[in-house]
Amino acid sequence: MNVRKLTGGLAATLAVTFSLIGGQAVAAPSADADRAAAARVVTYDASGTAEFRSAVDRGAAIWNESVDAVELRPVATGQRANIRVLADDGWPRAITTSLGNGTVYIGRQAVNEGHNTIRISSHELGHILGLPDRKPGPCTSLMSGSSAGTTCTNAYPNTAEKAEVEGYFGGAFARTAGAAPLNATIAD
């Protein structure tokens, strides 16, 4: 959101400035055009998530609401997804292969213990977006995962988590110390 606002604001300012000094004014790009130009699209396939499909879609939407540099979209028919999301009877986990790529398991074990399905989904997608676990942690930290307890339903990344993902995807895909390891299974 911040990138779009800054980019759109700059374009609008330049258009007004040029019209005032005799240049030709042009329309500022729309917020959707700014987002499409700025965001790296990462696709996900949730066809194997059974009863958790809506939770996975909501988790992806939460990330889309929270950051500008990456956009999670359902994969189109016939295309290969960056992220495969599956349901199983184990504990939730993410297997990262590279930044923005991997497999997420929405494990029924945590759901049966009372953990929130949307928080699980958003948390596991956070691993694919480069974030490590931060346990123990408060409910305000999405990446605190199960250590926040079963009463925690917060599925939104905090300011620091958002900034990390923006940095990974917004700036030449640079990774920093503390990021989730790649080519690893992160069991929550």
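Residues numbered from 1 in each chain as written. Predicted model: local features only at pLDDT ≥ 70, side-chain atom pairs only at ≥ 80, totals over all residues. Heavy atoms only, no water.

Novice: With reference to specific residues and values, describe the pattern of salt bridges.
Specialist: If you walk through the whole model with that rule in mind, you get seven salt bridges. Note that Asp57 is salt-bridged to Arg53, the shortest N-O span being 3.3 Å. Residue Asp57 and its partner Arg53 are located together in helix 3 (residues 53-66), separated by four residues, close to a single helical turn. Taking the relative accessible area as the measure of exposure, Asp57 reaches 28% and is therefore partly exposed. The residue Arg134 makes a salt bridge to Glu164 at a minimum N-O spacing of 2.5 Å. On the criterion of sequence distance, the pair formed by Arg134 in the loop between helix 5 (117-128) and helix 6 (159-170) and Glu164 in helix 6 is long-range, its members being 30 residues apart. Glu164 sits in the buried class, given a relative accessible area of 19%. (Salt bridge = Lys/Arg side-chain N within 4 Å of Asp/Glu carboxyl O. Helix = DSSP H or I, 4+ residues; strand = E, 2+ residues; numbered from the N terminus. Buried < 20%, exposed > 50% of the residue type's maximum accessible area, 1.4 Å probe, protein only.)

Novice: Give a description of the state of the cysteines that names residues and reports values.
Specialist: Going through the model one piece at a time under the given rule, you end up with one disulfide. Cys139 shares a disulfide with Cys152; S-S distance 2.0 Å. Because the sign of the S-S torsion sets the handedness, a value of about 85 degrees for the bond joining Cys139 and Cys152 places this disulfide among the right-handed ones. Here Cys152 lies in the loop between helix 5 and helix 6 and Cys139 lies in the loop between helix 5 and helix 6, a separation of 13 residues in the sequence. (Disulfide = S-S within 2.5 Å.)

Novice: Help me get a handle on the confidence of the model for the protein, residues and values and all.
Specialist: This prediction gives the protein a mean pLDDT of 82; 70% of its residues lie at or above 70. Throughout residues 1-30 the model reports pLDDT below 50, and contacts reaching past four residues in sequence, or to other chains, amount to 23 contacts. Taken together, the stretch residues 172-178 has pLDDT below 50 and engages in 13 contacts with residues farther than four places along the chain or on a different chain. (pLDDT = per-residue confidence, 0-100. Contact = heavy atoms within 4.5 Å.)

Novice: An account of unusual backbone geometry is needed here, citing residue identities and associated values.
Specialist: Across the junction of Lys135 and Pro136, the peptide omega takes the value -10 degrees, indicating a cis bond. Tracing the sequence through the fold places Pro136 in the loop between helix 5 and helix 6.

Novice: Tell me about the nonpolar core, and name the residues and values.
Specialist: The biggest cluster of nonpolar side chains holds 29 residues, and the ones touching the most others in it are Tyr44, Trp63, Leu72, Ile83, Val104, Val165 and Phe169. Counting only elements with at least two residues in this core, the list comes to strand 1 (40-48), helix 3, strand 2 (70-74), strand 3 (83-88), strand 5 (101-107), helix 5 and helix 6. Residues within four places of Phe169 in sequence aside, it is in contact with Arg40, Val42, Ala69, Val70, Leu99, Gly100 and Leu129. (Core = buried A, V, L, I, M, F, W, Y, C linked by side-chain atoms within 4.5 Å.)

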